[in-house]
Each structure stands twice: as structure tokens, then as C-alpha cells.
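# Overview (structure and organization)
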Amino acid sequence: MHLQQEHFDFAPEQKEWFVIFHLLPYAPEMNLKEGIWSLLKQALTDFAAAELRHLTRAIKRKLKKIQYHPYLITGCLPTTGLGLYGLIDEPDIANST
């Protein structure tokens, strides 16, 4: 949210539900998208596309891989301080045979 006086005037009246968090102007380590973007860039490091549609297809394929492998996303979370506890089933290593 932008630093506008209207928001600061509004906040005290709505303090039961409205909370203002002051974040750094640019904090990539707190942004999950930066971690996912890093994974995508690593996957495309040696990729050379002849046409835009080839690049588009490769990006979609890599994003789909990230989507279907939640551990890749959770690997990006520690730097953000966020968690997906209870939202993603973690593999039960102790009971695996």
C-alpha cells in the first residue's frame, strides 16, 4: 500500500481489522516471486529459443514443473519468513518403505 495520508487517517478508525505493515521499499528476499523467478532463470540458463513461441513453451513447461513440485516453492519460503503449514502435504519420510 502506498504511503498516503488518507490511509494513515483511516487506520485508527478501523484498527479492529485494518493493519498497516511497513516494509522496505524494495526487499526481494521477502518476495516469494523473486525465488520462483530465480528457479525459472536457472532452468533456462542454457536455453536458446529460435522463436518467441519456443521461449513461451519452455517457460510454461518450467512453471508447470514448479507448480507440480511444491517442494520447489517451499524451498523459496525460508527467506520470506512465510510458511505453507497445513496447506501442502509434506512427504512422510518416517513411514515410507
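### Some words on the pattern of salt bridges
- Applying the stated criterion to the full structure yields one salt bridge.
- Among the ionic pairs, Arg53 bridges to Glu51, the shortest N-O distance being 2.7 Å.

### Topic: the environment of Met30
- For Met30, the location among the structural elements is in the loop between helix H1 (5-10) and helix H2 (32-43).
- On the basis of relative accessibility, which here comes to 40%, the residue Met30 falls in the partly exposed class.

### A word on the confidence of the model for the protein chain
- Of all residues in the protein chain, 69% have pLDDT values of 70 or greater, and the mean over the chain is 76.
- Summarising per-element confidence for the protein chain, the mean pLDDT is lowest in H1 (76) and highest in helix H3 (residues 52-68) (91).

### Description of a nonpolar patch on the surface
- There is a patch of nonpolar side chains on the surface, built from Phe47, Leu52 and Leu55 and spanning about 280 Å² of accessible area.
- Structurally, Phe47 is set in the loop between H2 and H3.
- The exposure class of Phe47 is partly exposed, given its relative accessible area of 36%.

### Comments concerning the packing of H2 against H3
- Close contact between H2 and H3 brings their axes to 10 Å; oriented N to C, the two are set at 125°. As the angle between them shows, H2 and H3 are arranged oblique. When the axes of H2 and H3 are compared, the crossing they make is right-handed. Contact residues: Ile36, Leu39, Leu40 and Ala43 in H2; Ile59, Lys62, Leu63 and Ile66 in H3.
- Considering only residue class, the contact of H2 with H3 consists of seven nonpolar, no polar and one charged.

Rules used throughout
- Residues numbered from 1 in each chain as written.
- Predicted model: local features only at pLDDT ≥ 70, side-chain atom pairs only at ≥ 80, totals over all residues.
- Heavy atoms only, no water.
- Salt bridge = Lys/Arg side-chain N within 4 Å of Asp/Glu carboxyl O.
- Helix = DSSP H or I, 4+ residues; strand = E, 2+ residues; numbered from the N terminus.
- Buried < 20%, exposed > 50% of the residue type's maximum accessible area, 1.4 Å probe, protein only.
- pLDDT = per-residue confidence, 0-100.
- Patch = residues over 30% accessible without salt bridge, like charges linked within 9 Å, V, L, I, M, F, W, Y side chains within 5 Å.
- Areas by Shrake-Rupley, 256 points an atom, 1.4 Å probe, with all protein chains shown as cover.
- Axes fitted to C-alpha atoms, helices over the stretch in contact; angles between N-to-C directions.
- Parallel < 35°, antiparallel > 145°, perpendicular 65-115°, else oblique.
- Left-handed = near helix turned anticlockwise from the far one by under 90°.
- Contact = heavy atoms within 4.5 Å.
- Nonpolar A, V, L, I, M, F, W, Y, C, P; charged D, E, K, R; others polar.

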